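# Residue-level structure breakdown
One letter stands for each residue in the lines below.
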Amino acid sequence: QMDPVEVDGSVLEGGGQILRVSAALSCITGSSIKITKIRAGRSTPGLRPQHLSGLQLVSDLCSGVLQGATIGSTDISLTPGKIRSGNHTADTQTAGSVCLLLQVALPCALFAESSSQLCLKGGTNAEMAPQIDYTLKVFKPIVEKFGVNFDCDVRMRGFYPKGGGEVRVSVSPVKHLQPVVLTDRGTITKIHGRAFVAGVLPYKLAKDMCAAAVRTIRKEIKELYINIQALQEKDNAYGNGNGIIIIAESSTGCLFAGSALGKKGVYADKVGIEAAEMLLRNIRHNGCVDEFLQDQLIIFMALANGTSRIRTGAVTLHTQTAIHVAEQLTQVRLTKTLGTGKQTNRTCELMNKKTPKN
């Protein structure tokens, strides 16, 4: 057994993302890892329930030995075994994000011998994480270009602070992933979305979020029909919540999103405007992915056989962090080439170079 790869959990973004990328790559490459200084700079340092359930899920997926995994722990080690297909369950027991659980588990399950079923419990539409709608409508179609194949069934939506959401994911195994080139954005051809209320919240909130979002987008994009549906989530939601996601599609199949969640005491208009402004910011640059997708694709670029090239807007700290960890745990070098353009609208091309395995 080689010495474990030591990963400093406090560098760059310094949060849960370092854990997710390094644990998944440990599982897939078979290299043991030791992560220290986990979330060292955060107000509540160390592992939170959501990080813990993610690590346990990976350890379960790779028949691994996980040490130091307790709430508040700042040092863990993972010694992976063989990746096991079949049924795996993870429950954050809080409103911790099921989408972040999927982020860590999906790459691992791809390399099992047969299909895997993941039952993920927690928040489906939670702060500081992608909403499940983003995962389904933006992440899924783009990651499928790498040859990834998974289905996701939202059984129950869960919101902060109660959680209680549940998604069932089935993942088909792959022999290898194929590289993806996304460098030509084309033009924006469609804008659509959903604004929802769940629980005791009045339907009017959904309509208000919708109207405010449409008004905001109209100021900048005059020529497209904007189709945002207002929905009342009836039976498949636990607790109360409201939110909106708006998606733009381009002529070459690129997808971009803006989203926001309601909070106590925040006007519905404000939620709609926040999502619309986020979408507009993500289509002003000429990149092919939005700021939330770029970091989620790094692990797939690192694992694909061959060279991927993806044009992004400004590279986020999350993306730099994913690149740093991927380079530590794989034979990949990711290069960033800055495109031309004003500092704010600059695009950047991410490209991975490696010696392909036969």
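Residues numbered from 1 in each chain as written. Predicted model: local features only at pLDDT ≥ 70, side-chain atom pairs only at ≥ 80, totals over all residues. Heavy atoms only, no water.

## As for the UniProt feature "domain: RNA 3'-terminal phosphate cyclase insert" (unreviewed entry) in the protein chain
Per the UniProt entry, the sites bearing "domain: RNA 3'-terminal phosphate cyclase insert" (unreviewed entry) are residues 183-283 in this numbering. Within the segment residues 183-283, helix and strand shares are 34% and 38% respectively, and the terminal C-alpha atoms sit 14 Å apart. (UniProt positions renumbered as here; feature names shortened; annotations may be inferred. Helix = DSSP H or I, 4+ residues; strand = E, 2+ residues; numbered from the N terminus.)

## Remarks on the packing of helix H3 (residues 98-110) against helix H7 (residues 293-303)
Between H3 and H7, the shortest axis-to-axis distance is 10 Å and the interhelical angle comes to 20°. Our classification of the angle between H3 and H7 gives roughly parallel. Note that H3 runs across H7; the crossing there is right-handed. Seen from H3, the contacting residues are Gln103, Leu106, Pro107 and Leu110; seen from H7, they are Gln296, Ile299, Phe300 and Leu303. (Axes fitted to C-alpha atoms, helices over the stretch in contact; angles between N-to-C directions. Parallel < 35°, antiparallel > 145°, perpendicular 65-115°, else oblique. Left-handed = near helix turned anticlockwise from the far one by under 90°. Contact = heavy atoms within 4.5 Å.)

## Quick notes on the sheet that holds strand S10 (residues 188-198)
Pairing in this open sheet of 4 strands is mixed, and the strands run S11-S10-S13-S14 from one edge to the other. Unpaired on one side and paired on the other, strand S11 (226-233) and strand S14 (255-261) mark the two borders of the sheet. Adjacent strand axes in the sheet meet at a mean angle of 15° when their direction is disregarded. Looking at chain direction, strand S13 (residues 241-250) and S14 are connected through 7 bridges and run antiparallel. Considered in S14, the bridge of Ile246 is made with Gly258. Where helix H5 (residues 203-220) meets the sheet, its contacts fall on S10, S11 and S13, and the angle it forms with S11 comes to roughly 165°. (Pairing = 2+ DSSP bridges.)

## A short note on helix H4 (residues 132-143)
The element H4 is largely enclosed, with a buried count of 9 among its 12 residues. Listed in full, the buried residues belonging to H4 are Ile132, Asp133, Tyr134, Thr135, Val138, Phe139, Lys140, Ile142 and Val143. (Buried < 20%, exposed > 50% of the residue type's maximum accessible area, 1.4 Å probe, protein only.)

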